[in-house]
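# Observations on chain architecture
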Amino acid sequence: LAALVPWSRRRSRPFAYDDGYEPSPNPRKVRRGFAEFLRLFPSLEALTIERAWAGYIDATPDALPVLGEVPYPRGFIFATGFSGHGFAMGPIAGRLLAELIVDGQPSLDLRAFRFARFAEGDVGPSRSLV
């Protein structure tokens, strides 16, 4: 209930609190997904599912990842909050952060993905990425 109260710290910082809740996998979705996989790859029909896992998607309020260095602690670099697109964005995020670490400057501007945007209020559909 604390997360619902407008003035609650828990509401203003929802990811700072751990509910101790781990979601259970949905067996129906697991079976459906596996059946579709076998339909696409029938030669792999000998495969079985030994166990299934479910987890949370790391999401940010504006559905954009947080990429880049923060002023403090010095040398700390974020790469999180991919909002369900981490697998697709992983290669470019990895490259840009590797450039940042090795060269001190990524080849693309990461300003739109800075951690400080939340404190600055620069989130939401009306903000510009330019």
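Numbering of residues starts from 1 in each chain and follows the order in which that chain's sequence is written. Local features in a predicted model are, by the rule used here, given only for residues with pLDDT of at least 70; side-chain atom pairs are given and counted only at 80 or more, and totals for whole chains, interfaces and linings are based on all residues. The side-chain numbers reported here are obtained from all heavy atoms of the structure, hydrogens and water having been left aside.

What tends to happen in soluble globular proteins is that the nonpolar side chains get buried as a cluster. Nonpolar cores are built from buried Ala, Val, Leu, Ile, Met, Phe, Trp, Tyr and Cys residues. Side-chain atoms within 4.5 Å join them into one set. Each residue's exposure class comes from its accessible area (1.4 Å probe, protein chains only) as a fraction of the maximum for that residue type: buried when under 20%, exposed when over 50%, partly exposed otherwise. With 10 residues, the main nonpolar core is built from Leu 64, Leu 67, Phe 82, Ala 93, Leu 96, Leu 97, Leu 100, Leu 110, Ala 112 and Phe 113. Per the convention used, a helix needs a DSSP run of H or I reaching at least four residues, while a strand needs a run of E reaching at least two, with both numbered from the N terminus. Ranked by residues supplied to this core, first place goes to helix H3 (residues 86-103) with 4 residues. Once you skip the residues sitting within four places of it in the chain, Phe 113 turns out to touch Leu 64, Pro 65, Val 66 and Leu 67. Two residues qualify as a contact provided that any one of their heavy atoms is within 4.5 Å of a heavy atom in the partner residue.

Taken as a whole, H3 carries its principal kink of about 30° at Ile 92. In this structure, the buried side of H3 is in contact with strand E1 (66-69) and strand E2 (77-80). Phi for Gly 104, located one or two positions after H3, is positive at around 85°. Each residue is assigned a bend, namely the angle between axes fitted to the seven residues that terminate at it and the seven residues that start at it.

Below, the discussion takes up the packing of aromatic side chains. Paired rings are identified among Phe, Tyr and Trp, the last through its six-membered ring, by centres lying within 6.5 Å, and are further divided according to the angle between planes into stacked (under 30 degrees), edge-to-face (over 60) and tilted (the rest). Scanning the model with the defined rule gives 5 aromatic pairs in all. Between the aromatic rings of Phe 76 and Phe 78, the centroid separation amounts to 5.1 Å while the plane-to-plane angle is 85°, which identifies the pairing as edge-to-face. Arranged with centres 4.8 Å apart and planes meeting at 20°, the rings of Phe 78 and Phe 115 form a pair that is stacked. Highlighted residues: Phe 78 in strand E2 and Phe 115 in the loop between H3 and helix H4 (117-120), separated in sequence by 37 residues. Phe 115 sits in the partly exposed class, given a relative accessible area of 44%. Chaining the aromatic ring pairs together yields one cluster made of Phe 76, Phe 78, Phe 115 and Phe 118.

To continue, consider the side chain of Arg 117. Note that Arg 117 resides in helix H4. A relative accessible area of 0% places Arg 117 in the buried class. Reaching out from Arg 117, the side chain makes a polar contact with the side chain of Asp 62 at a distance of 2.7 Å. Distance and chemistry together define a polar contact, namely a pair of N or O atoms within 3.5 Å, with one atom able to donate a hydrogen and the other to accept it when in protein, and with adjacent residues in sequence counting only for side-chain atoms on both sides. In this structure the side chain of Arg 117 is engaged in a polar contact, spanning 3.1 Å, whose partner is the backbone oxygen of Arg 114.

Take the pattern of salt bridges next. By definition, a salt bridge exists where a carboxyl oxygen of Asp or Glu is found within 4 Å of a side-chain nitrogen of Lys or Arg. Throughout the structure, instances matching the rule amount to 6 salt bridges. Note that Asp 109 and Arg 111 form a salt bridge whose closest N and O atoms lie 2.7 Å from each other. Taking relative accessible area as the criterion, Asp 109 reaches 52% and is therefore assigned exposed. Residue Asp 122 is joined to Arg 114 by a salt bridge in which the shortest nitrogen-to-oxygen separation is 2.8 Å. When its relative accessible area of 22% is taken as the criterion, Arg 114 is described as partly exposed.

For the rest of this paragraph, the subject is a nonpolar patch on the surface. By definition, no residue in a patch forms a salt bridge, and every one has over 30% relative accessible area; like charges are joined within 9 Å, nonpolar side chains (Val, Leu, Ile, Met, Phe, Trp, Tyr) within 5 Å. The Shrake-Rupley method, run with a 1.4 Å probe, gives the accessible areas here. Residue values count only the displayed protein chains as cover. A cluster of nonpolar residues, Phe 37, Leu 40, Phe 41, Leu 44 and Leu 47, forms a patch on the protein surface that exposes about 420 Å² of accessible area. Position of Leu 47 relative to the elements: it lies in the loop between helix H2 (27-40) and E1. Exposure remark for Leu 47: the relative accessible area of 41% places this residue in the partly exposed category.

So, about the confidence of the model for the protein. Parts of the prediction with low pLDDT should not have their coordinates interpreted in detail. As a per-residue measure, pLDDT tells how confident the predictor is, with possible values from 0 to 100. Averaged over every residue, the pLDDT of the protein is 84; residues scoring 70 or more account for 78%. Here helix H1 (residues 9-12) stands out as the element of the protein with the lowest mean pLDDT, 59, in contrast to H2, whose mean of 96 is the highest.

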